[in-house]
Amino acid sequence: MFRDVSSCNTYNYGDALYWDSRYIQEAGGAFDWYQRYSSLRPFVRLYVPTSSRVLMVGCGNALISEDMVKDGYEDIMNIDISSVAIDMMRRKYEFVPQLKYMQMDVRDMSFFPDESFDSVIDKGTLDSLMCGTDAPISATRMLGEVSRLLKPGGIYMLITYGDPTARMPHLNRPAYSWNILLYNLPRPDFKRPGGGSSTKSYMEPIPITEKGTLPADFVLEDPDSHFIYVCKKGG
Ligand SMILES: C[S@@+](CC[C@H](N)C(=O)[O-])C[C@H]1O[C@@H](n2cnc3c(N)ncnc32)[C@H](O)[C@@H]1O
């Protein structure tokens with residue numbers, strides 16, 4: 001798992017060749033980064049209607065799209081830079097008409113016309129690009145494409161390890177005019193030290209400060225938790 005930028009130096013997450021060789025090694029396997037659909041479901045169901053046309057960016061060999069179809073989602077386009085992952089997933093889901101797979105770089109999705117999707121879901125893909133060379137340029141290209149592809153009122157849901165200090169400068173560009181809500185989701189197996197229970201609801205958005213940071217009184221209960229940014233396109 002890559003939790004912080006130090007692991008970027010250990011693995012070439014920003015490099016397509018890294019992902020191809022990883023998916024060759026994992027042949028036929030399935031792996032969901034960060035969290036499974038079961039724990040993300042409350043957020044997905046709240047913001048992404050089942051009738052949405054969904055784009056899953058950097059799908060890898062994760063089960064989230066299959067789980068969403070089992071939950072009623074009708075139309076999910078999955079893309080990944082790794083042709084190994086895409087070939088494998090296309091074969092696996094040949095008879096699932098709700099799932100489509102295409103090899104594509106998120107930094108150039110010109111195959112799709114403007115405003116093609118109601119929702120874009122990103123679990124760990126912006127994070128991968130942030131490990132690559134020219135990370136800020138890659139992030140700007142990717143997010144510009146995501147913004148272009150969203151319909152007015154559409155949702156970009158980013159599931160990431162990146163806290164607002166690292167992610168808000170990229171998400172908050174006026175060109176996108178996104179209204180952003182932030183959530184923090186502990187790992188499903190997280191246990192508080194001492195075992196006490198919390199009164200905190202993870203479905204309660206965290207107020208982001210004007211500087212784009214976490215509020216001073218915010219307590220990160222689980223250091224291995226994930227952040228969910230729900231970015232709604234204006235208009
Ligand atoms: C951390 S994995 C996450 C996979 C999956 N979303 C999940 O939740 O398990 C990042 C994925 O992004 C893909 N990826 C990396 N750079 C990409 C790019 N420029 N365009 C499209 N996909 C990319 C990788 O091949 C990999 O499958």
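Residues numbered from 1 in each chain as written. Predicted model: local features only at pLDDT ≥ 70, side-chain atom pairs only at ≥ 80, totals over all residues. Heavy atoms only, no water.

Caption draft 1: Local environment of unusual backbone geometry. The backbone phi angle of aspartate 134 is positive, close to 55°, even though this residue is not glycine. Looking at the element boundaries, aspartate 134 is found in the loop between helix H6 (125–129) and helix H7 (135–149). Unlike most non-glycine residues, serine 177 shows phi in positive territory, near 40°. Mapped onto the elements, serine 177 comes out in the loop between helix H8 (164–171) and strand E6 (178–185). (Helix = DSSP H or I, 4+ residues; strand = E, 2+ residues; numbered from the N terminus.)

Caption draft 2: Up close: the sheet that holds strand E5 (residues 150–160). If you trace the seven strands from one edge of the open sheet to the other, you get E3-E2-E1-E4-E5-E7-E6, paired in mixed fashion. Each having just a single partner strand, strand E3 (99–103) and E6 make up the two edges of the open sheet. When strand polarity is set aside, the average angle formed by the axes of neighbouring strands in this sheet is 20°. The strands touched by helix H3 (residues 37–47) are strand E4 (117–123), E5, E6 and strand E7 (226–233); relative to E6, the strand with the most contacts, the crossing angle is about 160°. On the sheet, H7 packs against strand E1 (53–57), E4, E5, E6 and E7 and is oriented at approximately 140° with respect to E5. (Pairing = 2+ DSSP bridges. Axes fitted to C-alpha atoms, helices over the stretch in contact; angles between N-to-C directions. Contact = heavy atoms within 4.5 Å.)

Caption draft 3: Structural detail: the packing of helix H2 (residues 16–25) against helix H5 (residues 83–92). Axis separation between H2 and H5 bottoms out at 7 Å; the angle between their running directions is 40°. Put simply, H2 runs oblique to H5. Within the contact between the two elements, H2 uses Asp20, Tyr23 and Ile24 and H5 uses Ser83, Val84 and Ala85. Split into classes, the residues belonging to the contact of H2 with H5 amount to four nonpolar, one polar and one charged. (Parallel < 35°, antiparallel > 145°, perpendicular 65-115°, else oblique. Nonpolar A, V, L, I, M, F, W, Y, C, P; charged D, E, K, R; others polar.)

Caption draft 4: Region of interest: the site of the ligand. Of all residues adjacent to the ligand, which total 21 residues, the nearest are Tyr23, Trp33, Gly58, Asp80 and Lys123. At a separation of 3.4 Å, an oxygen atom of the ligand approaches a polar side-chain atom of threonine 125. When the ligand is considered free in solution it has 590 Å² of accessible area, and contact with the protein chains removes 99% of it. For the shell around the ligand, the elements supplying multiple residues, two or more each, are H2 and H6. Among the elements that make up the shell around the ligand, the one with the highest residue count is H6 (three residues). Among the residues forming the shell around the ligand, the class breakdown is eleven nonpolar, five polar and five charged. (Near = heavy atom within 4 Å. Polar contact = N/O pair within 3.5 Å; in protein donor to acceptor, adjacent residues only side chain to side chain. Areas by Shrake-Rupley, 256 points an atom, 1.4 Å probe, with all protein chains shown as cover.)

As far as function goes, none of this settles anything; it's purely spatial.
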